[in-house]
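Each chain, written out:
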Amino acid sequence: VYGSFKCPFKSISELTKESLFGLSLKASLMQESGMIPMLRMSNIVNGEIDCSSLKYLPYKSAVTPREPDKWLLRKGDFLINRTNSKELVGKSAVFNLDGDYTYASYIIRYRFDTSVVLPEYVNIMFMLPLVRIQIDTMSRQTAGQCNINSGEIGSIRIPIPLIPEQYGV
């Protein structure tokens with residue numbers, strides 16, 4: 001399979017400018033003043049963000065004095081679910097919503113070097129057998145859940161065509 005691509009392969013870690021695990025805080029079903037939505041593993045569906053079932057955290061939980069937007073999502077952030085069932089571990093989406101959102105600890109946020117790779121392209125790759133096989137090989141089951149860690153995600157290799165070709169996928 002790898003030999004059929006006419007472009008170089010790179011690992012996710014080679015493409016990443018920044019990555020961060022989400023917050024491990026209990027969220028509320030009720031949105032009160034000063035609270036923002038927290039994306040959870042159930043909000044990543046078929047490569048997209050599903051906002052039909054949100055929970056909320058105080059805005060101040062997602063910021064720190066030294067890093068005012070530490071856990072706030074930005075448009076173009078690539079989100080991957082690191083814990084779930086065997087079929088759903090590794091599911092991903094690109095965040096492109098308006099407003100302030102944060103994300104839960106079972107999700108890792110990646111910010112890519114967009115001069116090399118588009119997050120939308122990576123998201124498509126994560127839905128293809130080429131990547132799903134890599135995830136299935138690395139993930140391991142404990143207490144009924146499958147896990148994949150950030151180092152394993154970082155080792156996933158995908159073909160990287162030039163940016164104009166990534167737009168055409």
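See the structure shown above.
What counts and how
- Residues numbered from 1 in each chain as written.
- Predicted model: local features only at pLDDT ≥ 70, side-chain atom pairs only at ≥ 80, totals over all residues.
- Heavy atoms only, no water.
- Helix = DSSP H or I, 4+ residues; strand = E, 2+ residues; numbered from the N terminus.
- Rg over C-alpha atoms; globule rule 2.2 N^0.38 Å.
- Buried < 20%, exposed > 50% of the residue type's maximum accessible area, 1.4 Å probe, protein only.
- Contact = heavy atoms within 4.5 Å.
- Areas by Shrake-Rupley, 256 points an atom, 1.4 Å probe, with all protein chains shown as cover.
- Lys, Arg positive; Asp, Glu negative; His and termini not counted.
- Charge placed at Lys NZ, Arg CZ, Asp CG, Glu CD.
- Salt bridge = Lys/Arg side-chain N within 4 Å of Asp/Glu carboxyl O.
- Phe/Tyr/Trp six-rings, centres within 6.5 Å; stacked < 30°, edge-to-face > 60°.
- Pairing = 2+ DSSP bridges.
- Axes fitted to C-alpha atoms, helices over the stretch in contact; angles between N-to-C directions.
- Core = buried A, V, L, I, M, F, W, Y, C linked by side-chain atoms within 4.5 Å.

Draft legend 1. Structural context of the overall build of the protein. For the protein, the count of helices and strands is five helices and 14 strands. A compact globule built from 169 residues should have a C-alpha radius of gyration of about 15 Å, and the protein, at 16 Å, falls within 12% of that. Along the longest, intermediate and shortest principal axes, the C-alpha atoms of the protein span 55 × 40 × 30 Å. The burial tally for the protein puts 46% of its 169 residues in the buried class. Considering only intrachain contacts with a sequence separation of at least 6, the fraction spanning at least 24 residues in the protein is 72%. When the accessible area of the protein is evaluated, it comes to approximately 8,900 Å², of which 55% is carbon and sulfur surface. Side-chain charges in the protein split into 19 positive and 16 negative, and the spacing between the mean points of these groups amounts to 5 Å.

Draft legend 2. Focus on the pattern of salt bridges. Under the definition given, this model contains nine salt bridges. We note a salt bridge from Arg111 to Asp77, for which the minimum N-O separation is 2.7 Å. Here the residue Arg111 occupies a position in strand 11 (residues 107-112), and Asp77 occupies one in strand 7 (residues 77-81), the gap between them amounting to 34 residues. Its relative accessible area of 9% is what places Arg111 among the buried residues. On the basis of relative accessibility, which here comes to 2%, the residue Asp77 falls in the buried class. Two residues, Asp136 and Arg132, come together in a salt bridge whose shortest N-O distance is 3.7 Å. Placement of the pair is Asp136 and Arg132 together in helix 3 (residues 129-138), with a separation of four residues, close to one helical turn. Put simply, Glu18, Asp77, Arg109 and Arg111 are held in one network by salt bridges that share partners.

Draft legend 3. Structural detail: helix 3. Within the sequence span of helix 3, burial applies to Leu130, Val131, Arg132, Gln134, Ile135 and Met138. Elements in contact with the buried residues of helix 3: strand 1 (9-11), helix 2 (119-125), strand 12 (140-142), strand 13 (145-147), helix 4 (150-155) and strand 14 (157-159).

Draft legend 4. Broad picture of the packing of aromatic side chains. Tallied over the entire structure, the rule returns five aromatic pairs. Judged by centre distance (6.4 Å) and plane angle (55°), the rings of Phe78 and Tyr110 are tilted. Of this pair, Phe78 sits in strand 7 while Tyr110 sits in strand 11, and the two are 32 residues apart along the sequence. For the pair formed by Phe78 and Tyr110, the shared burial category is buried. Taken together through their ring pairs, the aromatic side chains of Phe78, Tyr110, Phe112 and Phe126 make up a single cluster.

Draft legend 5. Structural context of the sheet that holds strand 11. If you walk across this open sheet you meet the four strands as 2-11-7-9, and the pairing is antiparallel. Because the sheet does not close on itself, it has two edges, and the strands there are strand 2 (16-21) and strand 9 (92-95). Taking each pair of neighbouring strands and ignoring which way they run, the sheet shows an average axis angle of 25°. Of the pairings in the sheet, the one linking strand 7 to strand 9 comprises four bridges and is antiparallel in character. Across the sheet, residue Asp77 finds its bridge partner in strand 9, namely Phe95.

Draft legend 6. Molecular detail of the nonpolar core. Ranked by size, the top nonpolar core spans 25 residues in total, and within it Ile12, Phe126, Ile156 and Ile158 carry the most contacts. Where this core is concerned, the elements lending two or more residues are helix 1 (12-15), strand 7, strand 11, helix 2 and helix 3. Once residues within four sequence positions are removed from consideration, Phe126 is found in contact with Ile12, Phe78, Ile80, Gly90, Ser92, Val131, Arg132, Ile135 and Ile156.

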